[in-house]
Amino acid sequence: MAKQTRGVCKFCGKEYTRGGMLRHLPTCKARKKRMEQENGKPRCGWFELVISDKYDSSYWLIVEIRETATLKDLDAFIRDIWVECCGHLSAFEIQGIRYESCPDTDSFWGPPAKRMNDKVKNVLIVGDSINYEYDFGSTTELVIRVHDYYVGAQKSEKITLLSRNNPLQILCSQCGSNVAQWVDPEGVYEGNPFWCNECLDEADIGEDTFFLPVCNSPRMGVCGYEGSNRYPDQFVPDGSMDEEEKNFEDSGDFVPYEEGRKEATIIQWKELYETATRIQKLEPWKKFWDMDIIGIRNGAEEDTTFFSILGRGGDCYGIVVYEGYEGLNDFMMLTMQEQLNLPVDYVMFSQRNLTCYWGNRDELSNEQRKIIKELGYKYRGKNQWLYFLSFEPGYFPYNFNQDEVLRMTEYLQDLEVALEQYEKQKMSVDFEKGNMLSLEFEADKKTWELSAKPLPFMSFQFRNLIITDEELLADLSRASKCKMILEIDVSIPGFRINDVEYGRPANPAMYMIADASSGMMLRCELQEPKEDAVASIAEEIVGFILQCGAPDEIRVSNILVEAGLEQICDVCGIKLRRVKRLKALDEFKKGMKDFL
């Protein structure tokens, strides 16, 4: 039976067992005081997770993770604090669905795994028990339990460590009295793996013997694991660091594990350019309008990849690739921008797609020109220069990284088959009636079926934000009233921000809340690039209502913000109106534009 280990609370420093810590954290006075100091700040949802070794519960972590963080963020944290040694693969299994750090699309054992791009709020449910694996050879297996969900102040960190087990006091297997500093991976099988410095100095150990440091991790002694470079084995609660440690943490020298931006090789670029050049010769813009969608599905994959062909009007030649149904929804938002009354810049900076263009030389970045030069291509004239751009919500369009080059190459090779078969079979698709050209590959990709199929949906699918916290809903229903009319909007300010984590320039959204009668700006908040501005607005309004009371009326200009506030307004009896123009906010935006 595993030893019941203890750990210290991040906020007050008191020591408890894992179960005791889970009972203590909601009632911790130091934590409550911290929360009181954060009143008035933007709020968001947080999941509380308990992470432990599958076979030894002596090792445990208690963390909170922002609901908009991704599984990739959680994977990076686990790697950084507990398991990372040689860049091995990793995977989550959640409700029967497998998410891998680098999924193999050609799976022989059931459905292929998904990428770790999902936000945790879309995949986690309180009470869930999740399996995690790192290294599919010498595997470290963890269990993650979703313990709680709550709304709290928005912080810059996506994941916060609340507590962890204190380092295990492991005695030397040789002398049985000193604390061990080293572990012999081979000695694990002989039952005497641990060594103190004294015994190691006295022993006649061959030079080929390989020792690893004892560390506070379930991966201790496995592969080449030598402990975390960021997190100390002994968890240090707030207020316990000396000044030198605080300065080091604040200096930015602590960097979480990130895969980083990996550039494609020139060979990989060459295959992509060759594939796109073959498609150019097929001149698909002579057969398809930009609204004529081509959908391609591979084997048992759940999602479809959607293609839009640009150039039938003669202005802009290219191919836009929308990955999955979320991508298709971005396309629908773009086509319905006027009906939704969404600002053009907001729509453009909310897109997620991969695009290749045949444009002009002055449209290319220096990096793209270097690649073309190294490949030996010589383009001349208007709409002849081939280049590629990645669109990500909250960011400026940017050059492809290695993963995007590989994905785009595969997508265009599939599209090439669809275009050739479309011409060969003389297909006829009634695109105007909501149909698409569909190509479905069998698992071996040697056979396929080309047909006309209805689009999965033909209009933008906006998302209603739903509050499930019954206590919060009760508080909102009992909130006092205030004689105010609020105007709320979200826009793209055009700020260029260098985002180090993602490795590309960001242009995040900003939400604004104003008093319509006085024209006074109540809140103007720039979001992080990957933040959901509408969710932030909803959280801000909840805080406003609980603190100041429910306003008589809230005016919005588009359906996205309206959908995000609908439930809140219903519960509080607030009149929610969608209007063409928000006078107070329009004046503010005009003044901000003049200032810039």
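Structure shown above.
Attention here is on the structure that accompanies the text. (Residues numbered from 1 in each chain as written. Predicted model: local features only at pLDDT ≥ 70, side-chain atom pairs only at ≥ 80, totals over all residues. Heavy atoms only, no water.)

## A closer look at the overall build of the protein
Moving on, step 1. Along the backbone of the protein there are 15 helices and 26 strands.
Moving on, step 2. With respect to the three principal axes, the spread of C-alpha positions in the protein is 80 × 65 × 45 Å.
Moving on, step 3. Excluding contacts between residues fewer than 6 apart, the proportion of contacts in the protein whose partners are at least 24 apart in sequence is 64%.
Moving on, step 4. For the protein, the distance from the average site of its 71 positive side-chain charges to the average site of its 100 negative ones is 7 Å. (Helix = DSSP H or I, 4+ residues; strand = E, 2+ residues; numbered from the N terminus. Contact = heavy atoms within 4.5 Å. Lys, Arg positive; Asp, Glu negative; His and termini not counted. Charge placed at Lys NZ, Arg CZ, Asp CG, Glu CD.)

## Quick notes on the packing of aromatic side chains
Moving on, step 1. Taken as a whole, this structure holds 21 aromatic pairs when the rule is applied.
Moving on, step 2. Arranged with centres 6.2 Å apart and planes meeting at 55°, the rings of Trp269 and Tyr273 form a pair that is tilted. With Trp269 and Tyr273 both in helix H6 (residues 266-282), this residue pair falls 4 residues apart, about one helical turn. Of the two residues, Trp269 and Tyr273, both sit in the buried class.
Moving on, step 3. Linked through ring pairs, Trp269, Tyr273, Tyr377, Tyr379, Trp385, Phe388 and Phe400 together constitute an aromatic cluster. (Phe/Tyr/Trp six-rings, centres within 6.5 Å; stacked < 30°, edge-to-face > 60°. Buried < 20%, exposed > 50% of the residue type's maximum accessible area, 1.4 Å probe, protein only.)

## With respect to the sheet that holds strand S5 (residues 90-94)
Moving on, step 1. With antiparallel pairing, 7 strands are arranged side by side in an open sheet as S6-S5-S7-S8-S3-S4-S9. With one partner strand each, in any of the chains shown, strand S6 (97-100) and strand S9 (159-164) form the two edges of the open sheet. Across the sheet, the axes of successive neighbouring strands diverge by a mean angle of 25°, strand direction being ignored.
Moving on, step 2. Judged from the 6 bridges that link them, strand S7 (residues 129-134) and strand S8 (residues 140-153) form a sheet pairing that is antiparallel. Within S8, the residue paired with Tyr134 across the bridge is Thr140. (Pairing = 2+ DSSP bridges. Axes fitted to C-alpha atoms, helices over the stretch in contact; angles between N-to-C directions.)

## Focus on the environment of Met520
Moving on, step 1. Along the chain, the position of Met520 falls in the loop between strand S23 (510-515) and strand S24 (521-526).
Moving on, step 2. Between the C-alpha atom of Met520 and that of Glu15, which follows or precedes it by 505 residues, the distance is 48 Å.
Moving on, step 3. The residues touching Met520, leaving out its near neighbours within four places in the chain, are Ala514 and Asp515.

## A word on the nonpolar core
Moving on, step 1. One finds Trp269, Ile294, Ile319, Phe388, Leu415, Ile541 and Leu565 to be the most contacted residues of the largest nonpolar core, which totals 100 residues.
Moving on, step 2. The contact partners of Ile541, leaving out residues within four places of it in the chain, are Leu486, Ile488, Ile513, Ile554, Leu565 and Ile568.
Moving on, step 3. Core analysis: the next-biggest nonpolar cluster, separate from the first, contains 42 residues, Trp82, Ile170, Leu212 and Met220 among them. (Core = buried A, V, L, I, M, F, W, Y, C linked by side-chain atoms within 4.5 Å.)

## Thoughts on the environment of Gln461
Moving on, step 1. For Gln461, the position within the fold is in the loop between strand S19 (448-454) and helix H12 (470-477).
Moving on, step 2. With 132 residues separating them along the chain, Gln461 and Asn329 place their C-alpha atoms 6.4 Å apart.
Moving on, step 3. A distance of 2.8 Å separates the side chain of Gln461 from the backbone oxygen of Ser459, its partner in a polar contact. (Polar contact = N/O pair within 3.5 Å; in protein donor to acceptor, adjacent residues only side chain to side chain.)

## Some words on helix H14 (residues 559-572)
Moving on, step 1. In this model H14 runs 19 Å from its N-terminal to its C-terminal C-alpha over 14 residues, within 8% of the 20 Å that 1.5 Å per residue would give.
Moving on, step 2. Remark: the principal bend of H14, roughly 45°, maps to Leu565.
Moving on, step 3. Buried residues dominate H14, accounting for 11 of its 14 residues.
Moving on, step 4. Where H14 is concerned, the buried positions are Ile559, Leu560, Val561, Glu562, Ala563, Gly564, Leu565, Gln567, Ile568, Cys569 and Cys572.
Moving on, step 5. Here H14 starts with a cap whose side-chain oxygen sits 2.9 Å from the backbone nitrogen of Leu560, and that cap is Asn558. (Expected span 1.5 Å × (residues − 1). Bend = angle between axes of the 7 residues up to and from the residue.)

## Points about a nonpolar patch on the surface
Moving on, step 1. Where nonpolar side chains cluster on the molecular surface, the patch consists of Val126, Tyr149 and Val151 and spans about 220 Å² of accessible area.
Moving on, step 2. With respect to the element layout, Val151 can be found in strand S8.
Moving on, step 3. The class of Val151 is partly exposed, set by a relative accessible area of 34%. (Patch = residues over 30% accessible without salt bridge, like charges linked within 9 Å, V, L, I, M, F, W, Y side chains within 5 Å. Areas by Shrake-Rupley, 256 points an atom, 1.4 Å probe, with all protein chains shown as cover. Salt bridge = Lys/Arg side-chain N within 4 Å of Asp/Glu carboxyl O.)

## As for the packing of helix H13 (residues 533-548) against H14
Moving on, step 1. Between H13 and H14, the least distance of the axes is 9 Å, while the angle of their chain directions is 25°. When the axis of H13 is compared with that of H14, the two are roughly parallel. Read as a crossing pair, H13 and H14 show a hand that is right-handed. Taking contact as the criterion, the partners of Val534, Ile537, Ala538, Ile541, Val542 and Ile545 in H13 are, on H14, Leu560, Val561, Gly564, Leu565, Ile568 and Cys572.
Moving on, step 2. Looking at the contact of H13 with H14 residue by residue, the classes come out as 11 nonpolar, 1 polar and no charged. (Parallel < 35°, antiparallel > 145°, perpendicular 65-115°, else oblique. Left-handed = near helix turned anticlockwise from the far one by under 90°. Nonpolar A, V, L, I, M, F, W, Y, C, P; charged D, E, K, R; others polar.)

## A look at the pattern of salt bridges
Moving on, step 1. One pass over the full model with this rule turns up 29 salt bridges.
Moving on, step 2. Among the ionic pairs, Glu64 bridges to Lys155, the shortest N-O distance being 2.9 Å. In this pair, Glu64 is assigned in strand S4 (residues 60-66) and Lys155 in the loop between S8 and S9, connecting sequence segments 91 residues apart.
Moving on, step 3. According to the relative accessible area criterion, Lys155 is partly exposed, its value standing at 23%.
Moving on, step 4. A salt bridge links Arg115 to Asp403, with the shortest nitrogen-to-oxygen separation between them at 3.7 Å. Within this pair, whereas Arg115 is found in the loop between S6 and S7, its partner Asp403 is found in helix H11 (residues 402-424), the two being separated by 288 residues in sequence.

## What about unusual backbone geometry?
Moving on, step 1. Backbone geometry at Glu283 places phi at a positive 50°, although glycine is not the residue there.
Moving on, step 2. Relative to the assigned elements, Glu283 resides in the loop between H6 and strand S13 (294-298).
Moving on, step 3. On the accessibility criterion, Glu283 (32% relative accessible area) is partly exposed.
Moving on, step 4. If you check the backbone angles, Asn383 has positive phi at about 60° while not being a glycine.
Moving on, step 5. Note on placement: Asn383 falls in the loop between helix H10 (366-375) and strand S17 (385-391).

## A look at empty space enclosed by the protein
Moving on, step 1. What the rule picks out here adds up to 1 cavity of 30 Å³ or more.
Moving on, step 2. In this model, the largest cavity occupies a volume close to 50 Å³.
Moving on, step 3. Here the element with the most residues in the lining of the largest cavity is H13; it accounts for 3 residues.
Moving on, step 4. Residue composition of the lining of the largest cavity, grouped by class: 2 nonpolar, 3 polar and 4 charged. (1 Å grid on protein atoms, 1.4 Å probe; cavity = no way out; pocket = protein on both sides within 12 Å on 5 of 7 lines; lining within 4 Å. Points joined across faces, edges and corners; volume = space filled by probe spheres on them.)

## Here's the deal with the side chain of Thr304
Moving on, step 1. With respect to the helices and strands, the residue Thr304 is situated in the loop between S13 and strand S14 (305-310).
Moving on, step 2. In this structure Thr304 comes out as buried when scored by relative accessible area, which is 7%.
Moving on, step 3. In contact with Thr304, other than residues within four places in its own chain, are Gly295, Ile296, Arg297, Tyr322, Glu323, Gly324 and Tyr325.

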